[in-house]
Amino acid sequence: MISIALAGKPNAGKSTFYKAATLAEVDVANYPFTTIDANRGVSYVRTDCPCLERNERCGNENCHDGKRYVPVELLDVAGLVPGAHEGRGLGNQFLDELTNADAIVNVVDASGGTNEEGEPVEVGSYDPVEEVNFIEEEMDQWLAGIIERNWEGVERQSRSPGFDIDDALAELLTGFGATEHEVAASLRELDYPDDPQQWTDEHREELARDIRARTKPIILVANKADVAPEENVERLRETDKLVVPATAEGELALRQGVEAGVVDYDPGDDDFDVVGDVSDQQKAGLERIRTVMREWGGTGVQQALDSAVYDLLDRITAYPVQNESKWTDGQGNVLPDAFLLPRGSTPPDLAYAVHSDIGDSYLHAVNAKTDRDIGDSYELEEGDVIKIVSTAK
């Protein structure tokens, strides 16, 4: 399962975002380090279900009238403060929680109502643009420190016959989530001495920055957009980052309204309907949320998760089935599973994603939409429905 981590300074709204996206019970409070141990839960990314191409909806519990929700892991890491890479505010512990994430959502308080330490200040008095590069800089410095502390081992290996710097650095960086391919790609982009003993701190820092960018891409959420000065959100969007304006509190209110049976809303919708009795105060609050949604096309919570997976990580959704005409599994369930795969994946890749035994015994595949056999090198597209034929039972 793809893992997305929420990071940012204290009081930026990470725990509210997490609770809205998972409906898990977590502490949400206006003081630093509300979260100490990372919260882990399941959220979803949204895409169009292939059942929209048929006469009837599939009826899958993760399909809401053609809106397909695909599970991802969501991780809420405690607030990071400046100097986290040096251990300040338990920073090393919190940064370590990010190592297994595939992408990072940097939650920024766009209202400027908290300072760099996450302490409450008057709304608009702190410049949120100061936080744009905060997370990546802390992670880059932290990873550079890890590389430096372990560099003596790389130097020792370099004295052995047959030394390969790609292999040595891949071994060192595996714990950060880097693959051999990513390490090799990074080294091709960098200018460095062949002898590790001649590497400088600058070389190691360049390596850290490049590896972090490859393995931990970051999307920025301009949270609290409902109370933020408009110019703050616009200035954040004018940076070179992928930015999604959001109101995590608004999303949480809508999801709780759905649970209470008074709101009709699916995550990622750009509007909602009030279908139950609400007080005048609740109605006013909902209308404020509606105003923000109309301005930004939604609350931003679902949009941020979708952008992290489909844009930053460049994933596509593929649906394996056993019956290519009915699009069902062996029990007759229509479109039972959805897999998020890297763009460029092939039918054998999907087979291995379903199960290693199916991948090992893969024979061929059928595109269920066209009812035609497809080759092993066929690149899967978003929404493909594929029958995998294998000798596995």
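Details of the structure are given in the entry above.
This report concerns the structure included in the present document.

Cut-offs used in this document
- Residues numbered from 1 in each chain as written.
- Predicted model: local features only at pLDDT ≥ 70, side-chain atom pairs only at ≥ 80, totals over all residues.
- Heavy atoms only, no water.
- Helix = DSSP H or I, 4+ residues; strand = E, 2+ residues; numbered from the N terminus.
- Rg over C-alpha atoms; globule rule 2.2 N^0.38 Å.
- Buried < 20%, exposed > 50% of the residue type's maximum accessible area, 1.4 Å probe, protein only.
- Contact = heavy atoms within 4.5 Å.
- Pairing = 2+ DSSP bridges.
- Axes fitted to C-alpha atoms, helices over the stretch in contact; angles between N-to-C directions.
- Parallel < 35°, antiparallel > 145°, perpendicular 65-115°, else oblique.
- Left-handed = near helix turned anticlockwise from the far one by under 90°.
- Phe/Tyr/Trp six-rings, centres within 6.5 Å; stacked < 30°, edge-to-face > 60°.
- Lys NZ or Arg CZ within 6 Å of the ring centre and 35° of its normal.
- Salt bridge = Lys/Arg side-chain N within 4 Å of Asp/Glu carboxyl O.
- Expected span 1.5 Å × (residues − 1).
- Patch = residues over 30% accessible without salt bridge, like charges linked within 9 Å, V, L, I, M, F, W, Y side chains within 5 Å.
- Areas by Shrake-Rupley, 256 points an atom, 1.4 Å probe, with all protein chains shown as cover.
- Lys, Arg positive; Asp, Glu negative; His and termini not counted.
- Charge placed at Lys NZ, Arg CZ, Asp CG, Glu CD.

Before going further, it helps to spend a moment on the overall build of the protein. Scanning the protein from terminus to terminus reveals 13 helices and 14 strands. In terms of overall size, the protein behaves like a compact globule, its C-alpha atoms giving a radius of gyration of 23 Å where 393 residues would be expected to give roughly 21 Å. Dimensions of the protein, computed from the C-alpha atoms along their principal axes, are close to 70 × 65 × 35 Å. Here the protein holds 393 residues, and the buried ones make up 52% of them. Look at the contacts in the protein between residues 6 or more apart in sequence, and 65% of them connect residues 24 or more apart.

Judged by how many residues are buried, helix 1 (residues 14-22) sits mostly within the fold: nine of nine residues are covered. Buried within helix 1 we find Lys14, Ser15, Thr16, Phe17, Tyr18, Lys19, Ala20, Ala21 and Thr22. Backbone geometry just downstream of helix 1 places leucine 23 in the positive-phi region, at approximately 55 degrees.

With that out of the way, let us pick up the pairing of strand 1 (residues 3-7). With five of its five residues buried, strand 1 lies for the most part within the structure. Residue alternation in strand 1 divides its side chains into two sets, Ser3, Ala5 and Ala7 and Ile4 and Leu6, and both sets are buried. Two elements, strand 1 and strand 5 (residues 103-109), share four bridges in a ladder whose sense is parallel. Residue pairing for strand 5: alanine 7 is matched across the bridge by asparagine 106.

With that out of the way, let us pick up the packing of helix 4 (residues 151-158) against helix 5 (residues 165-173). Packing of helix 4 against helix 5 brings their axes to within 10 Å, and their N-to-C directions diverge by 155 degrees. One way to sum up the angle between helix 4 and helix 5 is to call them roughly antiparallel. Relative to helix 5, the crossing made by helix 4 is right-handed. Contacts from Trp151, Val154 and Gln157 of helix 4 reach helix 5 at Ala168, Leu169, Glu171 and Leu172.

For glutamate 171, the location among the structural elements is in helix 5. In this structure, the C-alpha to C-alpha distance between glutamate 171 and glutamine 256, residues 85 residues apart in sequence, is 46 Å.

So, on to the packing of aromatic side chains. The full count for this structure, using the stated rule, is three aromatic pairs. A centroid spacing of 4.7 Å and a plane angle of 40 degrees characterise the contact between tryptophan 151 and tryptophan 199, whose relative ring orientation is tilted. Residue tryptophan 151 is found in helix 4, and its partner tryptophan 199 is found in the loop between helix 6 (180-189) and helix 7 (201-215); the two are separated by 48 residues along the sequence. A centroid spacing of 5.2 Å and a plane angle of 50 degrees characterise the contact between tyrosine 192 and tryptophan 199, whose relative ring orientation is tilted. Taken together through their ring pairs, the aromatic side chains of Trp151, Tyr192 and Trp199 make up a single cluster. The residue whose ring lies beneath arginine 54 is tryptophan 327, and the NZ or CZ to ring-centre distance is 4.4 Å. Sitting over the ring of phenylalanine 272, arginine 290 keeps its end group 4.1 Å from the ring centre.

Following the criterion strictly, the structure yields 20 salt bridges and no others. For lysine 224, the salt bridge is made with aspartate 109, and the minimal N-O distance between the two is 3.6 Å. Placement of lysine 224 in the loop between strand 6 (218-223) and helix 8 (230-237) and of aspartate 109 in strand 5 is noted, with a sequence separation of 115 residues between them. As a salt-bridge pair, glutamate 152 and arginine 156 come within 3.5 Å of each other at their nearest N and O atoms. With a gap of four residues between them, glutamate 152 and arginine 156 both fall in helix 4, about one helical turn apart. On the basis of relative accessible area, glutamate 152 is assigned to the exposed category, the value being 53%.

Right, let's get into unusual backbone geometry. At asparagine 11, a position not held by glycine, the phi torsion is positive, near 70 degrees. Along the polypeptide, asparagine 11 turns up in the loop between strand 1 and helix 1. Positive phi, normally seen in glycine, also occurs at lysine 224, with a value near 65 degrees.

Along the polypeptide, asparagine 100 turns up in the loop between helix 2 (91-96) and strand 5. Along the backbone, asparagine 100 and arginine 57 are 43 residues apart, and their C-alpha atoms lie at a distance of 36 Å. If we skip the residues at most four places from it in the chain, asparagine 100 touches Ser3 and Lys216.

Attention shifts here to helix 7. Compared with the 21 Å implied by 1.5 Å per residue over 15 residues, the 21 Å span of helix 7 between its first and last C-alpha is a close match. Those residues of helix 7 that fall on the buried side of the exposure criterion are His203, Arg204, Leu207, Ala208, Asp210, Ile211, Arg212 and Thr215. In this structure, the buried side of helix 7 is in contact with helix 3 (134-149), helix 4, helix 5, helix 6 and strand 6.

Let us look at a negative patch on the surface. A grouping of Asp164, Asp167, Glu171 and Glu180 is seen on the molecular surface, where their side chains present a negatively charged patch. Checked against the element boundaries, aspartate 164 lands in the loop between helix 4 and helix 5.

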